[in-house]
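Coordinates in review
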There are 2 protein chains.
Amino acid sequence: MNTNLQTPIFRQLFDQESSTYTYLIADPETKEAVIIDPVYEKYERDESLIKNLGLKLLYILETHVHADHVTSASKLKTRFNAKIAISKNSGNQCADIGLVDNQILQFGRFEIKALPTPGHTNGCMSFLFQNMVFTGDSLMIGLAGRTDFQEGSSEKLYESVQSQLFTLSEDTLVYPGHDYQGFTVSTIGEEKKFNKRLGGGKTEQEFSSIMSSLNLPKPKKIDIAVPANMVCGVKKT
Amino acid sequence: MNTNLQTPIFRQLFDQESSTYTYLIADPETKEAVIIDPVYEKYERDESLIKNLGLKLLYILETHVHADHVTSASKLKTRFNAKIAISKNSGNQCADIGLVDNQILQFGRFEIKALPTPGHTNGCMSFLFQNMVFTGDSLMIGLAGRTDFQEGSSEKLYESVQSQLFTLSEDTLVYPGHDYQGFTVSTIGEEKKFNKRLGGGKTEQEFSSIMSSLNLPKPKKIDIAVPANMVCGVKKT
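What comes next concerns the included structure. (Residues numbered from 1 in each chain as written. Chains lettered and ligands numbered in written order. Predicted model: local features only at pLDDT ≥ 70, side-chain atom pairs only at ≥ 80, totals over all residues. Heavy atoms only, no water.)

Our next topic: the state of the cysteines. Should the sulfur atoms of two cysteines be covalently bonded, the bond is a disulfide. Residues and elements named next belong to chain A. Inspection of every chain in the model, using the stated rule, returns two disulfides over all chains. The partner cysteine of Cys-94 in its disulfide is Cys-232, sulfur to sulfur 1.9 Å. With the S-S bond torsion at 105 degrees, the cross-link from Cys-94 to Cys-232 turns out right-handed. Here Cys-94, found in the loop between β5 (83-87) and β6 (97-99), pairs with Cys-232, found in the segment after α6 (222-230); they are 138 residues apart in sequence, far enough to count as distant. Residue classification places Cys-232 among the buried positions, given a relative accessible area of 3%. No disulfide involves Cys-124; its sulfur sits 16 Å from that of Cys-232, the nearest cysteine. Here Cys-124 falls in the buried class, since its relative accessible area comes to 2%. (Disulfide = S-S within 2.5 Å. Helix = DSSP H or I, 4+ residues; strand = E, 2+ residues; numbered from the N terminus. Buried < 20%, exposed > 50% of the residue type's maximum accessible area, 1.4 Å probe, protein only.)

For the rest of this paragraph, the subject is the interface of chain A and chain B. With 22 residues of chain A at the contact, the number on the chain B side is 22 residues. When the buried area of chain A at its contact with chain B is split by residue, Arg-11, Gln-16 and Asn-52 of chain A rank highest and sum to 27% of it. Applying the counting rule to chain A against chain B returns two salt bridges. Joining chain A to chain B, the criterion identifies 14 residue pairs in polar contact (both at pLDDT 80 or more). Among the elements of the structure, β1 (9-15), α1 (43-52), β14 (186-187) and α4 (188-194) of chain A are those that each provide at least two residues to the side of chain A that touches chain B. Looking at the side of chain A that touches chain B residue by residue, the class counts come to eight nonpolar, nine polar and five charged. (Contact = heavy atoms within 4.5 Å. Buried area = accessible area lost by both parts, 1.4 Å probe. Salt bridge = Lys/Arg side-chain N within 4 Å of Asp/Glu carboxyl O. Polar contact = N/O pair within 3.5 Å; in protein donor to acceptor, adjacent residues only side chain to side chain. Nonpolar A, V, L, I, M, F, W, Y, C, P; charged D, E, K, R; others polar.)

Let us look at the sheet that holds strand β8 (residues 110-116) of chain B. Residue and element names in this part refer to chain B. Pairing in this open sheet of six strands is mixed, and the strands run β7-β8-β9-β10-β13-β14 from one edge to the other. With one partner strand each, in any of the chains shown, β7 (104-107) and β14 (186-187) form the two edges of the open sheet. With four bridges connecting them, strand β10 (residues 132-136) and strand β13 (residues 173-176) associate as parallel partners. Within β13, the position partnered with Gly-136 by the bridge is Pro-176. Running over the sheet, helix α3 (residues 154-165) touches β8, β9 (125-129) and β10 and is turned about 145 degrees from β8. (Pairing = 2+ DSSP bridges. Axes fitted to C-alpha atoms, helices over the stretch in contact; angles between N-to-C directions.)

Right, let's talk about the relation of the copies chain A and chain B for a bit. Once chain A is rotated about the relating axis by 180 degrees and shifted along it by 0.0 Å, it coincides with chain B to within an RMSD of 0.0 Å. Taken together, the turn and the small shift mark the pair as related by a two-fold rotation axis. For chain A, the residue whose C-alpha comes nearest the rotation axis is Gln-16 of chain A, separated from it by 3.8 Å. By residue overlap, the copies meet face to face through one surface: 100% of the interface positions of chain A are interface positions in chain B. (Least-squares fit on C-alpha atoms with pLDDT ≥ 70 in both.)

Right, here's the structure in full:
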């Protein structure tokens, strides 16, 4: 892994409706860029930002097949001639790259690495870039992704967090796929201590017990979002 | 100005209801910290974060007397024995420090400088820290603060932005007091080019014309927020 810490262009973007974070990372010299988890309704905002910054979008990365919003991957791919990448275990039917565990993608002088973090879904990945990890719905600030729909498995999620995320340096910045309290970032050290579902040394049994007692409602958009995201955000209108 | 670029602890926090950004900056060695524009309803979140990070909150900085949300300054002051600082031109009746133009406050190994940026209100200040500027409601991403209530003056705001903000290095990161599109940060260079109200070399006349034609509704909370913020967020219940 290239640990070159040259400063990237870095933007965190928020969709208020679904509380989703999208991330744009670029090399300021070559202008080559990746975007993580873009949202369909925010296409115009993101397209305009990429254009204004003069970036060359190489990759559209999805942490997983989302159940709560539709991706703008197809629209961005068409507009910028970029490649869509998602875990080969995601069931996605249209990606250009089916990511394998620990696969590295290069953009400009930078590298981003796909860590396998299944549990919320089978095809969940987290993306490691310099001292930042983009955790999608695996590890969230103070929380963990749901394990009660799609291929959710609290056993798998616990193992993923313990082996892939909690082994990272404690000062690694955690950038989640969502936040509902207005946090934008945390650290691995804080999550190990304070995460309500996974922190403070909780055992897998304790985690599974918490997750099975959440009794959350079915995600509102799941019946639209999952099929649309399986085909990279081509919405049926 | 101390240009020591040692990495601070830095957290951007969001209040979805008022679309307000709060910022927490701390020295990781001494743990001394400042918070900018904290929101009353988010007191528990922010108190918990400061406590979890083991910080010693020295200053609560207000960019101005807000019209759209109530500050948690008084509650944080009491909890952490911190000092409240706001422009001496703000009309605020309870601050510990009435900031003068270009005043510098120290926390740990760091310094933060209060730039006078009146126009949205008479007592608006922006805070410069390393390569970041916290602009409150003076310069926002793609926009500028309203000039049609309190002591709003588009002439003053234009002059403030031109003389205090657009003279900063183009790669200075702009962290606004609000955002309504899901942007978290921009740069002075981008705002000079792309800001819809101030960018692209707009004249003061062009800016004033745009501002006077906005016809926005009266801020919903102004009659509660302004009096409450004049006394640092002591709410009448």
